[in-house]
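# Structural features, examined
The primary structure of each chain is shown beneath.
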There are 2 protein chains.
Amino acid sequence: MCNDYNLVTNINFEYLLIAWLVNLMRPSFDELKKELNMRNINLSYQRLKVLEYLTQNQCHPTVDHIFTDLHKDIPTLSKTTVYNTLRILVEVGLVRVVTIEDNETRYDIITENHGHFKCESCGTIYNFSMDIDSLTSEDLDNFKIKDKDVYFKGLCPKCLSKYK
Amino acid sequence: MCNDYNLVTNINFEYLLIAWLVNLMRPSFDELKKELNMRNINLSYQRLKVLEYLTQNQCHPTVDHIFTDLHKDIPTLSKTTVYNTLRILVEVGLVRVVTIEDNETRYDIITENHGHFKCESCGTIYNFSMDIDSLTSEDLDNFKIKDKDVYFKGLCPKCLSKYK
DNA sequence: TACTAAGTTGTAATCATTACACATTAATTA
DNA sequence: TAATTAATGTGTAATGATTACAACTTAGTA
Ligand SMILES: [Mn+2]
Ligand SMILES: [Mn+2]
Ligand SMILES: [Zn+2]
Ligand SMILES: [Zn+2]
């Protein structure tokens, strides 16, 4: 459905190495299943397929992307089930919501902190590394911060090269 | 409709001073009108009222907030007009969109860079100062960045004190 | 097997936003 | 000024994402 290499925007050894390391540190599919088990969440066939889809399509798919693609293999699948499954996965913290633009909720299996860049021309959402954990503001001294999101918008290299 | 002092979350001299300076630097209502004139955008009564509302209610109102409040004074106002006006104001850069949560597009007359914090308990969206312009990532060397948004979520001091 | 709870499905309801046709107002020209 | 044209506003219908809900199916248990 999409290529999943958008973390690696500059193709060189350094970035390939980082991408490889990041992937190594990510929980495996089996570990995700174990995590769900620990929280007493039954992994039905439909839920498994949604989780599998997210691990294989890390391009921040919408509900419609997930449903449309899975529906080809599982003709009985209901969109409601996709919604329900995603809600559960978000609740237990295995999936994060990306709301970089209104009217298109997207889902991300990578919950480790990273930034998101949306290209205004082609619509692709790129990941980028950033030490978001260390972002802070004096104004928020008395606030309890639970989530931090960094969203950039503009033009990606592919689209920039088109207009030269 | 809302108090507009949420930029100042720590009430002390330093922050009051910063808030005052920020306000001084902000374009005045007359300057906003001038800006629209320069761009050949006619400021009708309805558009003027929406702009005025945004300058007086800096709490990131939704379309519904704006419409409901203005409708009391202007019974003939149409919600479509509010939508149209906001689209124009965003296009010319006088207003920014805040999409910290899906299904509730909010509008902000303050276009200077600052972060947004949404309290998960009371729903209030607070501004906080942060040098967002200087945020960057090596991964984006070849990208053209046009917009940067920083969104935090958690609990605000008011709500935290309730649960003690 | 009968019972129960969890999970899935399809449809209807909701809500924000957009599309569009028509009405009104402002600006321009004869 | 009156007629014409363009810009703006209005109300309703259409769209699309999400949620609510009731019926159906499956898995587990006695
Ligand atoms: Mn991501
Ligand atoms: Mn703001
Ligand atoms: Zn692009
Ligand atoms: Zn609060």
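Worth saying up front: this structure is predicted, and the values here are computed from it rather than measured.

Here the focus is the coordination of the manganese ion (ligand 1). All names here are of chain A. Every protein donor of the manganese ion (ligand 1) is listed here as H60 (NE2), D108 (OD), H114 (NE2), H116 (NE2) and N127 (OD1), and their distances to the metal cover 2.0 to 2.3 Å. Along the chain, the residues donating to the manganese ion (ligand 1) are arranged with the sequence spacing H-x47-D-x5-H-x1-H-x10-N. Residue H116 is found in strand β3 (residues 115-119), and its partner N127 is found in strand β4 (residues 125-128); the two are separated by eleven residues along the sequence. Residue N127 is classed as buried on the basis of its relative accessible area of 2%.

Contacts between the two partners involve 41 residues from chain B, matched on the other side by 40 residues from chain A. When the two sides are added together, the surface that chain B and chain A hide from each other amounts to roughly 3,700 Å², 53% of it contributed by carbon and sulfur. Our count for the chain B to chain A interface comes out at two salt bridges. A salt bridge links K146 of chain B to E120 of chain A; the nearest nitrogen and oxygen atoms lie 3.7 Å apart.

Let's shift gears to the packing of aromatic side chains. For the structure on display, the rule yields nine aromatic pairs over all chains. Here the aromatic rings of F143 of chain A and F117 of chain B are separated by 4.8 Å at their centres, their planes lie at 75 degrees, and the arrangement is edge-to-face. One end of the pair, F143 of chain A, is in the loop between β4 and β5 (144-155); the other, F117 of chain B, is in strand β3 (residues 115-119), on a second chain. The class of F117 of chain B is buried, set by a relative accessible area of 0%. Summarising the aromatic geometry, the rings of F143 of chain A and Y126 of chain B are spaced 5.0 Å apart at their centres and angled 85 degrees between planes, so their arrangement reads as edge-to-face. Note that F143 of chain A is positioned in the loop between β4 and β5 and Y126 of chain B in strand β4 (residues 125-128), a pairing that runs across two chains. Each member of the aromatic cluster is reached from another via a ring pair, and the members are F117 and Y126 of chain A together with F143 of chain B.

Lining the immediate surroundings of DNA strand D are 14 residues, of which Y83 and T105 of chain A together with S44, T76 and T81 of chain B lie closest. Within 4 Å of the protein, the contacting atoms of DNA strand D are 71% sugar and phosphate, with bases supplying the remainder. In this structure, a phosphate oxygen belonging to DNA strand D sits 3.4 Å away from a side-chain N or O atom of R47 of chain B. In the environment of DNA strand D, a phosphate oxygen lies 3.2 Å from a nitrogen or oxygen atom belonging to the backbone of S78 of chain B. At the level of elements, α5 (79-91) of chain A together with α3 (45-56) and α5 (79-91) of chain B are the ones that each hand at least two residues to the surface near DNA strand D. Of the residues that constitute the surface near DNA strand D, the class distribution is two nonpolar, ten polar and two charged.

Let's shift gears to the protein's contact with DNA strand C. Around DNA strand C sit 14 residues in total, of which N42, S44 and T81 of chain A together with Y83 and T105 of chain B are the nearest. Counting only the atoms of DNA strand C that lie within 4 Å of the protein, the sugar and phosphate share comes to 71%. Q46 of chain A has a polar side-chain atom sitting 3.0 Å from a phosphate oxygen of DNA strand C. Within the side chain of T105 of chain B, an N or O atom sits 2.6 Å from a phosphate oxygen of DNA strand C. Among the secondary structure elements, those contributing two or more residues to the surface near DNA strand C are α3 (45-56) and α5 of chain A together with α5 of chain B.

Okay, the side chain of H114 of chain A next. All names here are of chain A. Turning to its location among the elements, H114 is positioned in the loop between β2 (106-108) and β3. Residue H114 is classed as buried on the basis of its relative accessible area, which comes to 7%. Reaching out from H114, the side chain makes a polar contact with the side chain of D108 at a distance of 3.1 Å. At a separation of 2.7 Å, a polar atom in the side chain of H114 contacts the main-chain carbonyl oxygen of E112. Not counting the four nearest positions on each side in its chain, H114 is found in contact with H60, R96, D108, N127, F128 and I132.

Let's shift gears to the relation of the copies chain B and chain A. For the match of chain B to chain A, the screw axis carries a shift of 0.0 Å, the RMSD comes to 0.0 Å, and the turn is 180 degrees. On the angle and the small slide along the axis, the relation comes out as a two-fold axis. Among all residues of chain B, the one whose C-alpha sits closest to the rotation axis is V150 of chain B, at a distance of 2.3 Å. The overlap is high: 98% of the interface residues of chain B also sit at the interface in chain A, so the same surface is used on both sides.

For the rest of this paragraph, the subject is the pairing of strand β5 (residues 144-155) of chain B. Bridge analysis of β5 of chain A against β5 of chain B gives eleven bridges, and the strand direction is antiparallel. If you follow V150 of chain A over to β5 of chain B, its bridge partner there is V150 of chain B. Pairing geometry for β3 of chain B and β5 of chain B, over four bridges, is parallel. Its bridge partner lying in β5 of chain B, C119 of chain B is registered against G154 of chain B.

Right, let's get into the pairing of β3 of chain B. Regular strands have side chains that alternate between both faces of the sheet. Residue and element names in this part refer to chain B. The element β3 is largely enclosed, with a buried count of five among its five residues. Across the two faces of β3 the burial is the same, with G115, F117 and C119 and H116 and K118 all buried. Where β3 meets β4, four bridges bridge the pair, whose relative direction is antiparallel. Bridged to H116 within β4 is N127. Linking two consecutive strands that pair antiparallel, namely β3 and β4, is a turn of five residues; a positive phi of about 85 degrees is found at G123 within it.

The rules behind the values
Position numbers for residues start from 1 in each chain and track the written sequence from start to end. Naming scheme: in the order in which they are written, chains are lettered from A and ligands are numbered from 1. Totals for whole chains, interfaces and linings use every residue, but because this is a predicted model, local features are given only for residues with pLDDT of at least 70 and side-chain atom pairs only at 80 or more, for both listing and counting. The basis for every side-chain value is the complete set of heavy atoms in the structure, and neither hydrogens nor water enter the calculation. Ligating atoms shown are N, O and S within 2.8 Å of the metal, or 3.2 Å for Na, K and Ca, and water is not included, meaning a site may look less than complete. The way it works is that DSSP assigns letters per residue, a run of H or I at least four long becomes a helix, a run of E at least two long becomes a strand, and they are numbered from the N terminus. A 1.4 Å probe rolled over the protein chains alone gives each residue an accessible area, and that area as a share of the maximum for its type sets the label: buried under 20%, exposed over 50%, partly exposed in between. The contact rule is simple, with two residues in contact once any of their heavy atoms fall within 4.5 Å. A 1.4 Å probe defines the accessible area here, and the buried area is the portion of it lost by two parts on being joined, summed over both. When a carboxyl oxygen of Asp or Glu lies within 4 Å of a side-chain nitrogen of Lys or Arg, that pair is called a salt bridge. Aromatic contacts are taken between Phe, Tyr and Trp rings whose centres are within 6.5 Å, Trp giving its six-membered ring; a plane angle under 30 degrees counts as stacked, one over 60 as edge-to-face, and the others as tilted. If a single non-hydrogen atom of a residue is within 4 Å of a molecule or strand, that residue counts as near it. By the criterion applied in these results, polar contacts are pairs of N or O atoms within 3.5 Å in which, for protein atoms, one can donate a hydrogen and the other can accept it, and in which residues neighboring in sequence qualify only through two side-chain atoms. The residue classification treats Ala, Val, Leu, Ile, Met, Phe, Trp, Tyr, Cys and Pro as nonpolar and Asp, Glu, Lys and Arg as charged. All others, Gly included, are polar. C-alpha atoms of residues with pLDDT of at least 70 in both copies form the basis for the least-squares superposition of the copies. DSSP-based pairing: two strands are paired if at least 2 bridges between them are found.

Function cannot be inferred from these measures alone, as they are strictly geometric.
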